[in-house]
Every structure is written in structure tokens, then in C-alpha cells.
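# Overview (structure and organization)
Residue-level listing of the chains:
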Amino acid sequence: DAGITQSPRYKITETGRQVTLMCHQTWSHSYMFWYRQDLGHGLRLIYYSAAADITDKGEVPDGYVVSRSKTENFPLTLESATRSQTSVYFCASSGQVYYGYTFGSGTRLTVV
Amino acid sequence: QQPVQSPQAVILREGEDAVINCSSSKALYSVHWYRQKHGEAPVFLMILLKGGEQKGHDKISASFNEKKQQSSLYLTASQLSYSGTYFCGTEVGNQFYFGTGTSLTVIP
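In this report, the structure presented in the accompanying data block is examined. What you are looking at is a predicted structure, and each value in this text was computed from that prediction instead of being measured.

### Focus on the overall build of chain A
- Helix and strand counts for chain A come out as 0 helices and 11 strands.
- Along the chain direction, N to C, the helices and strands of chain A fall in the order β-β-β-β-β-β-β-β-β-β-β.
- For chain A, the spread of C-alpha atoms along the three principal axes comes to 35 × 25 × 25 Å.
- A buried classification covers 48% of the 112 residues belonging to chain A.
- Long-range contacts, defined here as pairs at least 24 residues apart, represent 54% of the contacts in chain A between residues at least 6 apart.
- Taken together, the 10 basic and 9 acidic charged side chains of chain A have centroids lying 7 Å from each other.

### Description of the sheet that holds strand β8 (residues 76-78) of chain A
Residues and elements named next belong to chain A.
- Pairing within the open sheet is antiparallel, and its 4 strands lie in the order β1-β3-β8-β7. Only two strands of the sheet have a single neighbouring strand rather than two, namely β1 (4-7) and β7 (64-66). Adjacent strand axes in the sheet meet at a mean angle of 15°, parallel and antiparallel pairs treated alike.
- Both β1 and strand β3 (residues 19-25) contribute to a ladder of 4 bridges, which runs antiparallel. Residue Q6 lies in a different strand from β3, and its bridge partner there is C23.

### Remarks on the state of the cysteines
- With the rule as written, the count across this model stands at 2 disulfides over all chains.
- Residue C23 of chain A pairs covalently with C91 of chain A via a disulfide, S to S 1.8 Å. Judged by the sign of its S-S torsion, about -75°, the cystine formed by C23 of chain A and C91 of chain A is left-handed. In this pair, C23 of chain A is assigned in strand β3 and C91 of chain A in strand β9 (residues 87-94), connecting sequence segments 68 residues apart.
- Taking the relative accessible area as the measure of exposure, C23 of chain A reaches 2% and is therefore buried.
- Paired by a disulfide, C22 of chain B and C88 of chain B hold their sulfur atoms 2.1 Å apart. On the S-S bond that ties C22 of chain B to C88 of chain B, the torsion sits near 70°, and the link is right-handed. Residue C22 of chain B is located in strand β3 (residues 18-23), and its partner C88 of chain B is located in strand β9 (residues 84-92); the two are separated by 66 residues in the primary sequence. The pair formed by C22 of chain B and C88 of chain B is uniform in burial state, with each residue classed as buried.

What counts and what doesn't
Residues numbered from 1 in each chain as written. Chains lettered and ligands numbered in written order. Predicted model: local features only at pLDDT ≥ 70, side-chain atom pairs only at ≥ 80, totals over all residues. Heavy atoms only, no water. Helix = DSSP H or I, 4+ residues; strand = E, 2+ residues; numbered from the N terminus. Buried < 20%, exposed > 50% of the residue type's maximum accessible area, 1.4 Å probe, protein only. Contact = heavy atoms within 4.5 Å. Lys, Arg positive; Asp, Glu negative; His and termini not counted. Charge placed at Lys NZ, Arg CZ, Asp CG, Glu CD. Pairing = 2+ DSSP bridges. Axes fitted to C-alpha atoms, helices over the stretch in contact; angles between N-to-C directions. Disulfide = S-S within 2.5 Å.

Below you can see the structure in the form of C-alpha cells.
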């Protein structure tokens, strides 16, 4: 199906474990983004990518790693999960920097 | 860097109008507006690229005052489906920041 998909939708993991959130888009959009959404903080940018093999830090990158070997995929890895990383994570994509973003359905991550 | 929205929350009756404001301490180059319903992803409404630009989408419109570093979203004759949290998003340098959000509830 065309669009932007995130997996898993829900994830519970233990403190210290590595976890990877997947994001896949079918439009060949150049720009992809990872945001986390927390009550009281709104949407905060973790990492973004302007093209395959080009990534850059956002506002809150500590504890996260991204890669983009293919245009359509932009996985987000929490190297050693902490409780403060409990959040809803949204992936988004955009064809041009001045276009609106299309968001995936989100991944609700709980770190226990 | 995060733009500030006002009000934080508003409750309307169907048919009433509302204005949501978005202000930035930094120069604005573009402004996006999104709506997010509870438990769902944000949905793009519109983008304003130039100061003075105004846009409309059904009964939702927006303006962008580049000099004042502000944008406003206007919802006229509100419908129940307008309920949700509205976010502005602004480009600052080479990064993009979302506003603090405005919760809008439309009641019958």
C-alpha cells in the first residue's frame, strides 16, 4: 500500500535493551523525520534525513541512532533504552523542504 | 526555538469561530499548520511560505505576518470534526520546530 508505515505500533521493552523502530515510505520522498511526542513538550525532532546516506541531528538526538541506506527506509534505534524514552514516536516524510509533512501512525514505546 | 501558541485550549459550540495564534522569537521563513485528533497522527492542513500570505481550506484559513513573526489560524463556523489539537510548525535555520499546541474542543 502507498503511504508511510511505522512498525511496531506498540512496544514494551526493558531498560538497557536496544530497540529499533521502523519507518517505510513508498513515495520516494527525499526528506524523512523522526519526532517524539510527550505531554507538555509537544512534538520534538530527534533526527532528520534529506536523502539516502544524509542524516542530521534534531533537537533531542541523545540516545538515538538513525541510518538511511535506502530512500524508503529510515529506522530509529534506541541503543540502550531508558525510561525517559517512553514516548510516542512519529516518523514523517516530505517531498520537498517546503511541502507539508505526512506522518506515520506512530509507535507507542514503553520502557520499563 | 519552539514557537508559542495561544490559547492553550479553547472550547467552542458548533457554529462558533476561533483563532489560534503562533508566535516565534526567531525569524520565520514558512509556517505549517497541522491538526491531530486524539490517538492519531498529525495531519497537514496548509503551509504559508511568504509574509502576508493567506490561505484557506474549506472554512479553515491562515495568515502569516512575517514582520511580527506570527501566524494565525482561523476556524469559522466550527464543526464537531474540527476538534483536536492544532500545531503550528516553523522553519528556523535548517530545522523545523512544532509549536506548543492548542487543544480545540467543539461541543454540540
